[in-house]
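# Examination of the molecular architecture
Residues per chain are reported as follows:
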Amino acid sequence: MDLHIDGLNHRYGGMPVLDGIDLRIESGRIVCLIGPSGCGKSTLLRLIGGLEQPTDGAIRQVGEPPEGCLNPLTYIFQDFALLPWRTARGNVSLVLEDHGLSERETARIVDDVLARTDLSEFGNAFPRQLSGGMKQRVAIARALAVNPAVFLMDEPLSALDSQTRALLMDDLIGLWTREPFTAVYVTHNLQEAVRLGHKIVVLSRRPGRIRDQVAIDMPLEDRPDADVDLAQIQRRLWEILREEAQAADRELADA
Amino acid sequence: MPEARILAGRPVVFRGGGFAPQPVGPLGPAVFIVVIGLWELGSRIGWITPLILPAPSEAFAALAYLVETGEIWRHLEASVSRLVIGWSAGMILGVAVGFSIGLFSIARSGLVPVVAALFPIPKIALLPLFIVWFGIGEGSKIATILFGTFFPTVIATYGGVDNVDRSLIRMGQSFGLSWLSIVRKIVLPGALPAILSGTRISASIAIILLVAAEMIGAEYGIGAYVLLAGNLAATDQLIAGVAMLSVLGLVVSWLIGRAERYFLRWRS
């Protein structure tokens, strides 16, 4: 399933936050959204998933979601959004409970996604017992459980320390190489973007417009060995972003 | 010969302690024993006249007599049943109204001003009105307790619902959970800590109102017993009644503690 975004504008009150966004999100590819803070990249992600209504413009799903998909547009949040009163298993099964699945089918899916995120032995742990990285793995397992057409990832690694971030980045790449998924990945970290993105979309400062789109054709699994090439792309992105970031940094919050 | 090394300079002085009170094991019970012991001693020596304050042993004898005659069970049964019926009805209604205020705009704008206007009324002041409405019997007593516990429960509940992490609700919506699922699995458990701490407040209010209601036209009940003892200047019985109330309060608070431990075991 692809996502087509055409002529998207969004305003909060009178203030424009997104302006004239046209974007294609193609099946099996990861699109990274980068931009200075406050540029509306998280807003764009909320609009794509239907958590907010755009002021005008269209976001359309083109094609059918994969078979057995329970929730086509599925988020992975920066703050994990796990229910503290449910165990890891309970948090995963939460999103299956409204779909009338048999108990055995639910257990099968939960076991499968916990195994895929290397969490099998932590099924009965409560979120407070888990490290940040493990919490985000539970959230990833929960998202995998509904077999989404498109993952909407809102800075999923930003709340983690840098070592954990590297580990989870490897996990995401492993998941993608085993079974390519479609994703929109919002980040402010250029390194993450060049490591994971097939297409990198640079947004300008508020109101967010698309400044540039950079395609990276190199397969994800080859990227760890291509530091030089990636560093070059990263530098190019930073040159685009630098000016925007500088201007955004000097803006007053309520100006 | 090994020479002790002489270290240069002054040691850094530790200045980080304190501000962390720890429970000191048997101190609590010890204070009880000492206070009651001094009280008993004062009565025996004659510092404390029995008319003003009876010796603890006399109060204990009054309590023992109450148990011997079996009267204690009639008083306790009357009081505890009023407390349980009034408090649970107040809690159920309060949680229901609190949830509707927490979830629906119409309920919020319509009911919050009403709650704000009725909450500060001392419910004792309404007891005569309740006697006119529900009769001098059980009805008026239960209504007083119900009313007294209803408002704090409403306020605790909708405060709890308001404080449920919105990002969790957003998560539920983003996974396509039904409205009822979100309320049952996200809002209710999220509001539970606030509701349970509200029960502590409403329980103590319920006990206060219980005694007050029983002091007006009740034959049995701890409040009636205390009032009668006061009228007869039987201070030993009065103290025995007050001790029963203290124990009742402790039992209720222990039960709530158990409930909190069970329902909130997901917290650290």
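Residues numbered from 1 in each chain as written. Chains lettered and ligands numbered in written order. Predicted model: local features only at pLDDT ≥ 70, side-chain atom pairs only at ≥ 80, totals over all residues.

### Focus on the overall build of chain B
- When helices and strands are tallied, chain B shows ten helices and zero strands.
- Helices and strands appear in chain B in the N-to-C order α-α-α-α-α-α-α-α-α-α.
- Taken over the C-alpha trace, chain B has a radius of gyration of 26 Å; the compact-globule value for 268 residues is 18 Å, which it surpasses by more than 25%.
- Counting only C-alpha atoms and orienting by the principal axes, one finds that chain B spans roughly 85 × 75 × 30 Å.
- Sorting the 268 residues of chain B into buried and exposed places 30% on the buried side. (Helix = DSSP H or I, 4+ residues; strand = E, 2+ residues; numbered from the N terminus. Rg over C-alpha atoms; globule rule 2.2 N^0.38 Å. Buried ≥ 20, exposed ≤ 12 C-beta atoms within 10 Å, placed from the backbone.)

### Section: the overall build of chain A
- Scanning chain A from N- to C-terminus turns up seven helices and nine strands.
- Over its C-alpha atoms chain A spans a radius of gyration of 18 Å, differing by no more than 12% from the 18 Å that the globule rule assigns to 255 residues.
- Expressed as lengths along the three principal axes of its C-alpha atoms, the size of chain A is roughly 55 × 40 × 35 Å.
- Looking at chain A as a whole, 42% of its 255 residues are labelled buried.

### Overview of the domain arrangement of chain A
- Once the domains are mapped, chain A shows domain 1 (1-28 + 50-63), domain 2 (64-184) and domain 3 (197-255).
- Look at where the C-alpha atoms of domain 2 of chain A and domain 3 of chain A centre, and you get two points 27 Å apart. (Domains from an automatic or database assignment.)

### Digging into the interface of chain A and chain B
- Opposite the 18 residues of chain A that make contact, chain B presents 16 residues.
- Residue classes in the side of chain A that touches chain B are distributed as eleven nonpolar, three polar and four charged. (Contact = placed C-beta atoms within 7 Å. Nonpolar A, V, L, I, M, F, W, Y, C, P; charged D, E, K, R; others polar.)

### Points about the nonpolar core
- Membership of the largest hydrophobic core comes to 76 residues, with the highest contact counts inside it found for A:Cys32, A:Ala145 and A:Val184.
- The leading source of residues in this core is helix H4 (residues 132-145) of chain A, at eight residues.
- When sequence neighbours within four positions are dropped, the list of residues in contact with A:Ala145 reads A:Val92, A:Val95, A:Leu96, A:Ile109, A:Val110 and A:Val113.
- Listed in part, the 42 residues of the second largest apolar core include B:Leu127, B:Ala143, B:Ile195 and B:Val226. (Core = buried A, V, L, I, M, F, W, Y, C linked by C-beta atoms within 7 Å.)

### Notes on helix H3 (residues 103-116) of chain A
Residues and elements named next belong to chain A.
- Its 14 residues place the ends of H3 20 Å apart at the C-alpha level, agreeing with the 20 Å of an ideal helix rising 1.5 Å per residue.
- Packing partners of the buried residues in H3 comprise helix H2 (88-94) and H4.
- Positive backbone phi, approximately 65 degrees, marks Asp118, located one or two places after H3. (Expected span 1.5 Å × (residues − 1).)

### Looking at the packing of helix H7 (residues 166-174) of chain B against helix H8 (residues 179-214) of chain B
All names here are of chain B.
- For the pair H7 and H8, interaxial distance at closest approach is 10 Å and the crossing angle is 170 degrees. Relative to H8, the element H7 lies roughly antiparallel. Residue-level contacts link Leu168, Ile169 and Gly172 of H7 to Ile182, Ile186 and Gly190 of H8.
- For the contact of H7 with H8, the class distribution of residues is four nonpolar, two polar and no charged. (Axes fitted to C-alpha atoms, helices over the stretch in contact; angles between N-to-C directions. Parallel < 35°, antiparallel > 145°, perpendicular 65-115°, else oblique.)

### Thoughts on the pairing of strand S8 (residues 199-203) of chain A
Residue and element names in this part refer to chain A.
- Of all five residues making up S8, four are buried, and the element is well covered by its neighbours.
- Of the strand pairs in this sheet, strand S3 (residues 30-34) and S8 are connected by four bridges, and their pairing is parallel. If you follow Ile34 over to S8, its bridge partner there is Val202.
- The pairing of S8 with strand S9 (residues 210-215) spans five bridges and is classified as antiparallel. Across the sheet, residue Ile200 finds its bridge partner in S9, namely Val214.
- Where S8 hands over to S9, the hairpin turn is made up of six residues, counted between the paired strands. (Pairing = 2+ DSSP bridges.)

### As for the sheet that holds strand S7 (residues 182-186) of chain A
Residues and elements named next belong to chain A.
- Overall, mixed pairing links the six strands, which are arranged S5-S6-S7-S3-S8-S9 in an open sheet. Sheet topology places strand S5 (73-76) and S9 at the edges, where each strand pairs with a single neighbour. Taking each pair of neighbouring strands and ignoring which way they run, the sheet shows an average axis angle of 20 degrees.

### Regarding the pairing of strand S6 (residues 150-154) of chain A
Residue and element names in this part refer to chain A.
- Extensive coverage of S6 is indicated by the burial of five of its five residues.
- Here four bridges tie S5 to S6, and the two strands are oriented parallel to one another. Each residue of the ladder has a partner; that of Thr74, found in S6, is Phe151.
- Across five bridges, the pairing between S6 and S7 is parallel. Bridged to Met153 within S7 is Tyr185.

### Concerning unusual backbone geometry
- For the bond from A:Arg206 to A:Pro207, the omega torsion is -5 degrees, close enough to zero to count as cis.
- Looking at the element boundaries, A:Pro207 is found in the loop between S8 and S9.
- Even without a glycine there, the phi angle at A:Asp118 is positive, about 65 degrees.
- With respect to the helices, strands and loops of the structure, A:Asp118 is situated in the loop between H3 and H4.
- Look at A:Asp118 and you get partly exposed, because 13 C-beta atoms sit within 10 Å.
- Backbone geometry places B:Ala233, a non-glycine residue, at a positive phi of 55 degrees.
- Summarising the element assignment, B:Ala233 is placed in the loop between helix H9 (222-231) and helix H10 (235-263).

### Brief notes about the environment of B:Leu53
Residues and elements named next belong to chain B.
- Note that Leu53 resides in the loop between helix H1 (27-45) and helix H2 (56-69).
- With 17 C-beta atoms packed within 10 Å, Leu53 lands in the partly exposed category.
- With 183 residues separating them along the chain, Leu53 and Asp236 place their C-alpha atoms 7.7 Å apart.
- Beyond its immediate sequence surroundings of up to four residues, Leu53 is in contact with Ile48 and Thr235.

### Section: the packing of H2(B) against H10(B)
Residue and element names in this part refer to chain B.
- Running from N to C, H2 and H10 point in directions that differ by 75 degrees, and their axes come no closer than 8 Å. Considering their axes alone, H2 and H10 lie roughly perpendicular with respect to each other. Along its contact with H2, which presents Glu58, Ala59, Ala61, Ala62, Leu63 and Leu66, the element H10 presents Asp236, Gln237, Ile239, Ala240 and Ala243.
- Partitioning the contact of H2 with H10 into residue classes produces eight nonpolar, one polar and two charged.

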